[in-house]
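Coordinate analysis (summary)
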Amino acid sequence: MRKQQRRNGLSMFKVPRKKREKSTGQSLSSTGLSKSPPIQRKIGFEVEIYNMLCGESKSPKYHEKRIYDDKHIWDLGIGNVLMADPLYEFQSEEGSTYESATEIVSKPFEEDMEGFYEMERFFKKLKRFEEVSARAPVITGLRPFAEAGLGEIRNPMALLCLRHVHKRGLRIRAQVTAGIRMKTLGQLLKDVGTGGMDETAEMVERKMAGRMALGTDYEGRFVDLPINMGRATIISEEALKRYWQQNSEAPGEGPNEELRGLLNLVAFYLIRGTLPISAYAKSFVYLLARTDFSAMFSRLPEEEKEHFSATEGREWSNIIRLMCSPGIYDLEREDWSLFQEMGIKETDCDPRVIDLSQPFFAQGIYRNRKRFPHRSPRVMDALTSGKWAFSIPRTDYLTRDTFPDPEARPRLESIGAMRGAMDTHPYFGDKMPIFELRNLSITKRMDDTISQMRKWFAYVFEMNQGRDYKYGEPHEEFGVE
């Protein structure tokens, strides 16, 4: 549809922008940081390779024999650096039994043309990882990768098991960590979510690429994400509209974009927490706030911050209750046809009610892995949805530092782990909370994963500039076709 519109001379998808001069390709310093001055904030990537397994030999003798089983291999756990390059680290990630999966963690790239060309060099290294793993021995040390220029070996006792890679190819998923301006946070949720009830067919087409990139993998899972984001948009917007209509003391003529984005994200968290979680706690959302909600609240415009934090946050609690009340939360959408063809039932992934008196993780966390071998749905009951949402002006209880039950805190992992840390936008000067865009579509080819990351670089760059650019639209400068 989009190509046909461009052939017909319509330019609605092409966003005018000034031409930028190409980079001169400055070299990296010994720390891996670009010598050019930063023009924008940064964006980083984690590339998980699920079927490339690793472990550490228990002795040099076993390493030389390339033995790879539970009698001769230690589990490397999470974050053990196997190899290091100025652009990234090759690390161990959680696996199943005695084995660990692998992950390539990039350095943060500046969101400018210099950072883009540096990121392209990182992408070339990713392609080399794919090529070397395809021809290396099934059980191998790190030497073939080091000899291919893919980094300095940091764990000489590490072994890789490439049996599944040779048999089925790679299985890759990327994650993106980026600062998002609070003024544009609501726009991100609207872009990926199924939107409001008045969304036109033209806008549906424009947003579909982003919805599918974060909403499904190649096996057709995770289709509930756009649905939940869409519900969050509808109820937060309606709650803000009614609150300003009903309260003469509300500041200004209406809510600022920062408040819209924050309340939209609160709604998204409440919805996702209501649904079952079959892995670990931070998997309950695919847009994970690394900066905590209390820090985000502190960045609201002064009038709104003062109004909603006064009297122990009474008005903030009132707008949360309003948002979750009958007549707002149960508003019907008209965009369900987007998912009917997939055979998805709305009631399967869109909770019909949010009970603020229930635990935040209302249906528990069913963790059945080596780190959390027991299946206990009640381990997070110390925090209710209401206590979390109502307390945001003062503290964010959904972090491992503040969760009411100290014994359960480790389960929260990196939720809100950066607390008050934020990026600073150099053009506009506002603080930008840091988010992790989790669970991009799983791919079997590195080229497909690289394409996703390049599109997200372009999308976040343009969004933080305040420009109307959707994920996947043509972007000549950043190589998006």
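In the block above lies the structure referred to throughout.
Okay, so let's go over this structure.

Rules used in this analysis
- Residues numbered from 1 in each chain as written.
- Predicted model: local features only at pLDDT ≥ 70, side-chain atom pairs only at ≥ 80, totals over all residues.
- Heavy atoms only, no water.
- Axes fitted to C-alpha atoms, helices over the stretch in contact; angles between N-to-C directions.
- Helix = DSSP H or I, 4+ residues; strand = E, 2+ residues; numbered from the N terminus.
- Parallel < 35°, antiparallel > 145°, perpendicular 65-115°, else oblique.
- Left-handed = near helix turned anticlockwise from the far one by under 90°.
- Contact = heavy atoms within 4.5 Å.
- Nonpolar A, V, L, I, M, F, W, Y, C, P; charged D, E, K, R; others polar.
- Phe/Tyr/Trp six-rings, centres within 6.5 Å; stacked < 30°, edge-to-face > 60°.
- Buried < 20%, exposed > 50% of the residue type's maximum accessible area, 1.4 Å probe, protein only.
- Salt bridge = Lys/Arg side-chain N within 4 Å of Asp/Glu carboxyl O.
- Pairing = 2+ DSSP bridges.
- Expected span 1.5 Å × (residues − 1).
- Polar contact = N/O pair within 3.5 Å; in protein donor to acceptor, adjacent residues only side chain to side chain.
- Core = buried A, V, L, I, M, F, W, Y, C linked by side-chain atoms within 4.5 Å.

1. Comments concerning the packing of helix α6 (residues 182-192) against helix α9 (residues 257-274)
Packing of α6 against α9 brings their axes to within 6 Å, and their N-to-C directions diverge by 45°. As the angle between them shows, α6 and α9 are arranged oblique. In this structure, α6 crosses over α9, and the sense of that crossing is left-handed. Judged by residue contacts, Met182, Lys183, Leu185, Gly186 and Leu189 of α6 engage Glu257, Glu258, Gly261, Leu262, Asn264, Leu265 and Phe268 from α9. For the contact of α6 with α9, the residue count by class is six nonpolar, three polar and three charged.

2. Some details on the packing of aromatic side chains
Counted under the stated rule, the structure contains 27 aromatic pairs. Ring geometry for tyrosine 269 and phenylalanine 284: centres 5.0 Å apart, planes at 85°, overall edge-to-face. One end of the pair, tyrosine 269, is in helix α9; the other, phenylalanine 284, is in the loop between α9 and β11 (287-289), with 15 residues separating them in the sequence. For tyrosine 269, a relative accessible area of 1% corresponds to the buried category. Look at phenylalanine 461 and phenylalanine 478: their rings are 5.3 Å apart centre to centre, the planes differ by 85°, and that puts the pair in the edge-to-face class.

3. Details of the pattern of salt bridges
Going through the model one piece at a time under the given rule, you end up with 29 salt bridges. Here arginine 154 and glutamate 152 are joined by a salt bridge, their closest N and O atoms 3.8 Å apart. For arginine 154, a relative accessible area of 46% gives the class partly exposed. One salt bridge in this structure joins aspartate 401 and arginine 419, with 3.6 Å as the shortest N-O distance. One end of the pair, aspartate 401, is in the loop between α14 (385-390) and β12 (422-424); the other, arginine 419, is in the loop between α14 and β12, with 18 residues separating them in the sequence. Residue class for aspartate 401 comes out partly exposed when judged on its relative accessible area of 43%. Overall, the relative accessible area of 27% leaves arginine 419 in the partly exposed class. Taken together, the shared-partner salt bridges connect Lys127, Glu130, Arg445, Asp447 and Asp448 into one network.

4. As for the pairing of strand β13 (residues 431-437)
With six of seven residues buried, β13 is to be regarded as a mostly interior element. Pairing between β11 and β13: three bridges, direction antiparallel. Bridged to alanine 289 within β13 is phenylalanine 435.

5. Overview of helix α8 (residues 224-246)
The end-to-end C-alpha separation of α8 is 33 Å, in line with the 33 Å expected for 23 residues at 1.5 Å each. For α8, a buried count of 18 out of 23 residues is recorded, marking the element as mostly surrounded by other parts of the structure.

6. Description of the side chain of glutamate 118
Considering the arrangement of structural elements, one finds glutamate 118 in helix α3 (residues 113-135). Residue glutamate 118 is classed as buried on the basis of its relative accessible area of 2%. A polar contact is formed between the side chain of glutamate 118 and the side chain of lysine 107, at a distance of 3.1 Å.

7. Let's talk about the environment of leucine 53
Structurally, leucine 53 can be placed in strand β1 (residues 42-57). Residues leucine 53 and cysteine 161 lie 108 residues apart in sequence; the distance between their C-alpha atoms is 5.1 Å.

8. Looking at helix α11 (residues 302-323)
With 22 residues, α11 extends just 22 Å between its outermost C-alpha atoms, more than 12% less than the 32 Å of an ideal straight helix rising 1.5 Å per residue. Those residues of α11 that fall on the buried side of the exposure criterion are Glu304, Lys305, His307, Phe308, Gly313, Glu315, Trp316, Ser317, Ile319, Ile320, Leu322 and Met323. For α11, the secondary structure elements touched by its buried residues are α8, α9, α10 (293-297) and α14.

9. Quick look at the nonpolar core
Val266, Tyr269, Trp316, Trp388 and Trp456 are the most contacted members of the largest nonpolar core, which has 119 residues in total. Apart from the residues lying within four places of it in its own chain, the contact partners of tryptophan 456 are Ile43, Val176, Leu188, Val192, Ala213, Leu214, Leu437, Leu440 and Tyr471. Membership of the second largest hydrophobic core comes to six residues, among which are Tyr68, Ile73, Ile139 and Leu159.

10. What about the environment of glycine 466?
Structurally, glycine 466 can be placed in the segment after α15 (446-464). Taking C-alpha positions, glycine 466 is 8.6 Å from lysine 183, a pair spaced 283 residues apart along the chain.

11. Focus: the pairing of strand β10 (residues 172-179)
Judged by how many residues are buried, β10 sits mostly within the fold: seven of eight residues are covered. Relative to β13, β10 runs antiparallel, the two being bridged by four bridges. Its bridge partner lying in β13, glycine 179 is registered against isoleucine 434.

12. Here's the deal with the environment of arginine 419
On a C-alpha basis, the gap between arginine 419 and methionine 296 in space is 9.6 Å, while along the polypeptide they are 123 residues apart. Among all residues touching arginine 419, those that are not within four sequence positions of it are Arg290, Thr291, Asp292, Ala295, Thr399, Asp401 and Thr402.

13. As for unusual backbone geometry
Positive phi is not limited to glycine here, since arginine 66 has a value of about 55°. Mapped onto the elements, arginine 66 comes out in the loop between α2 (60-65) and β2 (73-74). When its relative accessible area of 33% is taken as the criterion, arginine 66 is described as partly exposed. Backbone geometry at glutamate 312 places phi at a positive 60°, although glycine is not the residue there. Relative to the assigned elements, glutamate 312 resides in helix α11.

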